[in-house]
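Chain and residue survey
The lines below spell out each chain.
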Amino acid sequence: MTQVTRIPCQLYLISPLDVGGDFPDQLVAALDAGPVAAFQFRVKGLDQHEAARLAEPLQAICAARDVAFIVNDDVALAKRLGADGVHLGQGDGDPKAARRELGPVAQIGITCHASRHLAMEAGEAGADYVAFGAFFPTTTKTVEHHADPAILEWWQSMFELPCVAIGGITAQNPRELIDAGADFLAVSGGVWAYPDGPAAAVQAFTALLNDQPAG
């Protein structure tokens with residue numbers, strides 16, 4: 001049996017809901033402070049034109065740094081922007097339909113809460129990654145599902161598809177998630193609300209993620 005070498009856990013940033021004002025400068029500071037695999041553009045209650053206006057400078061910042069730009073929930077906006085992918089909640093559409101719209105190279109992620117069944121369904125539907133959570137209390141969104149790190153261990157033992165850990169993750173609490181097999185840590189408030197600023201937060205995460213066993 002061939003052993004799959006696991007890529008070390010990486011950082012996946014999620015935007016705050018307010019991405020106006022000086023947020024582009026904050027994003028530059030964060031992305032220049034350490035390695036970030038992906039950035040998810042997550043806004044609510046805006047029409048597509050306004051969302052696109054806010055997204056375009058952030059997308060350019062990500063592109064210049066080789067950071068994947070993922071749109072939350074909105075396949076049409078992702079297509080309009082030519083984004084690298086889309087992240088879908090359970091009520092946000094079918095991954096197969098998203099694949100038809102966005103093409104074969106788009107990254108499609110699916111929220112699976114704490115459900116093994118939903119994660120397997122997402123994999124069968126062609127998702128590129130599954131997201132489990134929330135693992136910790138969070139003020140970013142209302143938490144209806146609480147996940148246990150054991151679900152990450154189970155997923156890694158069964159499937160090669162990457163898994164994302166989300167929900168209340170800060171630079172102080174993710175060691176158990178990394179050890180359990182999270183491929184990515186999805187972080188929002190833990191970076192943007194960090195007392196010393198987003199650059200310092202990314203540096204703290206980088207130090208933590210660099211302290212991983214190889215393979």
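Scroll up a little and you will see the structure.
Residues numbered from 1 in each chain as written. Predicted model: local features only at pLDDT ≥ 70, side-chain atom pairs only at ≥ 80, totals over all residues. Heavy atoms only, no water.

**Topic: unusual backbone geometry**
Trans is the prevailing form of peptide bonds, just as negative phi is the prevailing case for residues other than glycine. The amide bond that connects G133 to the next residue, A134, takes the cis arrangement and shows omega of 10 degrees. Take A134: it is sitting in the loop between β6 (129-133) and α6 (150-158). In this model, D73 sits at a positive phi of 75 degrees, which is unusual for a non-glycine residue. Residue D73 is classed as partly exposed on the basis of its relative accessible area of 22%. Backbone geometry at H113 places phi at a positive 55 degrees, although glycine is not the residue there. (Helix = DSSP H or I, 4+ residues; strand = E, 2+ residues; numbered from the N terminus. Buried < 20%, exposed > 50% of the residue type's maximum accessible area, 1.4 Å probe, protein only.)

**Some remarks on the pattern of salt bridges**
Tallying each qualifying case throughout the model produces seven salt bridges. The residue D32 makes a salt bridge to R65 at a minimum N-O spacing of 2.6 Å. Taken together, the residues span a long stretch of sequence, with D32 in the loop between α1 (23-31) and β2 (38-41) and R65 in the loop between α2 (48-64) and β3 (68-72) at a distance of 33 residues. Between R175 and D179 there is a salt bridge, with the nearest N and O atoms lying 3.6 Å from each other. Remark: D179 and R175 occur in helix α7 (residues 175-180); sequence separation between them is four residues, near one turn of the helix. (Salt bridge = Lys/Arg side-chain N within 4 Å of Asp/Glu carboxyl O.)

**So, the packing of helix α5 (residues 116-124) against α6**
Relative to each other, α5 and α6 sit at 35 degrees, their axes nearing to 11 Å. Remark: the crossing between α5 and α6 carries right-handed chirality. Residues R116, A119 and M120 of α5 form the contact with α6, whose participating residues are I151, W154 and W155. The class makeup of the residues in the contact of α5 with α6 is five nonpolar, no polar and one charged. (Axes fitted to C-alpha atoms, helices over the stretch in contact; angles between N-to-C directions. Left-handed = near helix turned anticlockwise from the far one by under 90°. Contact = heavy atoms within 4.5 Å. Nonpolar A, V, L, I, M, F, W, Y, C, P; charged D, E, K, R; others polar.)

**Regarding the pairing of strand β7 (residues 163-166)**
Bridge analysis of β6 against β7 gives four bridges, and the strand direction is parallel. Paired with A131 across the strands is V164, a residue of β7. Bridge count between β7 and strand β8 (residues 184-187): three bridges; the pairing is parallel. Following the sheet pairing, V164 is matched in β8 by F184. Remark: the β7/α7/β8 crossover connection has right-handed handedness. (Pairing = 2+ DSSP bridges. Right-handed = clockwise from strand over helix to strand, strands pointing away.)

**Quick word on the packing of aromatic side chains**
The full count for this structure, using the stated rule, is nine aromatic pairs. Plain terms: the ring middles of F39 and F69 are 6.0 Å apart, the flat faces sit at 40 degrees to each other, and that makes the pair tilted. Of this pair, F39 sits in strand β2 while F69 sits in strand β3; the two residues are 30 residues apart in sequence, bridging distant segments of the chain. Each member of the pair, F39 as well as F69, carries the same accessibility label: buried. Taken together, the aromatic side chains of F23, F39, F41, F69 and W192 make up a single cluster linked through ring pairs. (Phe/Tyr/Trp six-rings, centres within 6.5 Å; stacked < 30°, edge-to-face > 60°.)

**Considerations on the sheet that holds strand β1 (residues 10-14)**
Pairing within the closed barrel is parallel, and its eight strands lie in the order β1-β2-β3-β4-β5-β6-β7-β8. Here the average twist between neighbouring strands, direction ignored, is 25 degrees.

**Some remarks on α2**
With 17 residues, α2 should cover 24 Å at 1.5 Å per step; its first-to-last C-alpha distance of 24 Å lies within 8% of that length. By the largest-angle criterion, A55 marks the main kink of α2, which is about 30 degrees, and a proline, P57, follows within four residues. The set of residues buried in α2 consists of A51, A52, L54, A55, L58, Q59, I61 and C62. One side-chain oxygen of the residue at the start of α2 lies 3.0 Å from the amide nitrogen of H49, identifying that residue as D47. (Expected span 1.5 Å × (residues − 1). Bend = angle between axes of the 7 residues up to and from the residue. Polar contact = N/O pair within 3.5 Å; in protein donor to acceptor, adjacent residues only side chain to side chain.)

**With respect to the nonpolar core**
The biggest cluster of nonpolar side chains holds 66 residues, and the ones touching the most others in it are F39, F41, F69, F132, L152 and L185. Counting residues per element, this core draws most heavily on α2, which supplies seven residues. Beyond its immediate stretch of four places on either side in the chain, F132 contacts C112, H113, S115, A119, I151, L152, W155, C163, V164, A165 and I166. In terms of nonpolar packing, the next biggest core, distinct from the first, is built from nine residues, I14, A38, A131 and A186 among them. (Core = buried A, V, L, I, M, F, W, Y, C linked by side-chain atoms within 4.5 Å.)

**Regarding the environment of R6**
Positionally, R6 belongs in the segment before β1. Distance in space between the C-alpha atoms of R6 and E160 is 9.0 Å, their sequence separation being 154 residues.

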